Amino acid sequence: MTTATMMDVPLTIELVLDRAERWMSASEVVSRRPDKSLHRTTYGAVAQRARKLARALVVAGIQRGERVATLMWNHAEHLEAYLGIPLAGAVTHTLNLRLHPDEIAFIANDARDRFLIVDDVLLPLYDKIVAAGASFERVFVVGASGKHESYEELLATAPPELTAGSSASISLAQLPDLAETDALGVCYTSGTTGKPKGVVYSHRSTILHSLVAALPDALDLARADTLLPVVPMFHVNAWGLPFVAAMTGAKIVFPGPHLDPPSLLDLLAAEKVTVAAGVPTIWLGIREQLDANPGKWQLQPGLRMIVGGSAAPEQLIRDFDRLGLTLLHAWGMTETSPIGLVSRVPPHLAGADEATRYKLRAKQGTPPPLVDVRVRNWQGDVPADDKTNGELLVRGPWVARQYAGGHTPDRWTKDGWFRTGDVARVDEHGFVQLTDRVADMIKSGGEWICSQEVENHLMGHPAVREAAVIGVPHPKWSERPIATVVLRPGAQASADELRAHVGAKFAKFWIPDTIVFVDAIPRTSAGKFKKTELRETYRDHFKDEP
Ligand code: AMP
């Protein structure tokens, strides 16, 4: 019997904080304020303030495992909360400010949030949440606090830390000894199907996720980078990027509330950003601005943009290459922290023809280390290079093993995999390609149509900016597809032309019966097509068909 002789260091936020403070202290943290002024600080200062926050929370009586909610945009104080709340042994609950106040109130109550830290510009929303039934024992406001307590005053109450050498005194704050399996943060699923459910991340899952996310073949983040997370810190922890940045020491630039394409481009150029991250809609808007204003913004050559949350259209990847910028497609979920797949062309295919390389990059890709995925249908595992679809299953150390409260246990297979609800297939290179959500597939005349495949192909048409395809009840076929399409500015295309475009790739019964041209497609709080709303809008469309 040989016993391992290595140290057992708990993987906790303390390690990230300590590193940011001691070794990365000079790296910059830039926040754009609501008035568009830039606030500059460093990891050193953020880490010290995060420690103060932790001590102040302990003195305020927060107990291990209790929730402190945040209702904030992306900025330095939110990063302090990310680091400081779990350091106090508490759990950060990032509230999604884009949800309806009733839904936010439901989520805050479900999580039993005790304290709240809120941006002053979001106080009107806070009032609505309270009117909708949420209540917090104490509320700390970042900025002008008005009748509420101020976040800065909370920090000012922080006593020094009680350490081994300090003389015992009740005015000193004793931070808890953290275990790596302790809860660190909670995010709620966006709830497109059923009620939102809590996913509770541990210190350990967060540290492991951050380490792997930084790897060159994952998101490739280094100290020399400047990162701009457009993805909000209230959506899957901004894909974990604030932790990755604090760990690597990459300069981080927070955009605050102004997320329109020109404002983002101003910031990308001014701060010489090398890596940005956001959902496809963000990059669609950026592409249009760059095309309409050539030479207006001097972006860093080779700027990389991580895109996920919905499928990145192949055309978008091509267009950015033309502009000298690189889109990196990744897939993930709230339940997977989120990184589960990253699409990078492997070296042995680097010489493949252009069409093959773009096809690969538009797929969701392959898993990073420690994550395992498989595609399974009622017949069993779908082998690579098989054209059949199945449900994507995933497991790994940063994949949830249950929801808070144990809701919907059937989302996990008996043999321990998380059922993503995404439909996928695997190509001969092992690249996973999502073809639909299980709930969005269309059943027509007993056969399945993958709505996402059709809409992705429609978005490959030069005149199409965005397309969403839904199944609508049909008296004869059970369901038939309808496509809603937004054309690119100034572009023209007829419904027949678009139907022919679909027919050139797919079986005839996959061609949408109706194409509706719209100004915008409704979106969820996380930027995904809101297909529930679309289905409701067009519910009776085929009612009178023979
Ligand atoms: P959320 O938990 O809100 O982040 O949503 C997760 C869901 O977003 C996944 O189950 C997918 O359906 C979708 N999604 C995320 N990334 C991608 C992607 N790269 N391509 C297509 N769908 C995606």
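Residues numbered from 1 in each chain as written. Predicted model: local features only at pLDDT ≥ 70, side-chain atom pairs only at ≥ 80, totals over all residues. Heavy atoms only, no water.

1. Regarding the overall build of the chain
- Counting secondary structure elements, the chain contains 16 helices and 25 strands.
- Relative to the 2.2 N^0.38 estimate, which gives 24 Å for 546 residues, the radius of gyration of the chain is 24 Å and therefore close to what a compact globule would have.
- Each principal axis of the C-alpha atoms in the chain carries an extent, and together these give about 85 × 65 × 55 Å.
- The burial tally for the chain puts 56% of its 546 residues in the buried class.
- As displayed, the chain offers around 23000 Å² of accessible surface, 53% of which is attributable to carbon and sulfur atoms.
- Looking at the chain, you have 59 positive and 64 negative side-chain charges, and the mean spots of the two groups are 1 Å apart. (Helix = DSSP H or I, 4+ residues; strand = E, 2+ residues; numbered from the N terminus. Rg over C-alpha atoms; globule rule 2.2 N^0.38 Å. Buried < 20%, exposed > 50% of the residue type's maximum accessible area, 1.4 Å probe, protein only. Areas by Shrake-Rupley, 256 points an atom, 1.4 Å probe, with all protein chains shown as cover. Lys, Arg positive; Asp, Glu negative; His and termini not counted. Charge placed at Lys NZ, Arg CZ, Asp CG, Glu CD.)

2. What to know about the side chain of Thr41
- With respect to the helices, strands and loops of the structure, Thr41 is situated in strand S2 (residues 38-42).
- Setting aside anything within four residues of it in sequence, one finds Thr41 in contact with Ser27, Glu28, Val29, Val46 and Ala76. (Contact = heavy atoms within 4.5 Å.)

3. What to know about the sheet that holds S2
- The sheet built from eight strands is open, its strands ordered S2-S1-S11-S10-S12-S13-S14-S15 with mixed pairing. Edge positions in the sheet fall to S2 and strand S15 (339-343), since each of these pairs with one other strand and no more. Direction aside, neighbouring strands of the sheet carry axes that sit 20 degrees apart on average.
- Summarising the sheet, strand S13 (residues 304-307) and strand S14 (residues 326-332) pair through four bridges and their orientation is parallel. Directly across from Met305, in S14, lies its bridge partner Leu327. (Pairing = 2+ DSSP bridges. Axes fitted to C-alpha atoms, helices over the stretch in contact; angles between N-to-C directions.)

Fair warning: the whole summary comes from geometry, so function is off the table for now.
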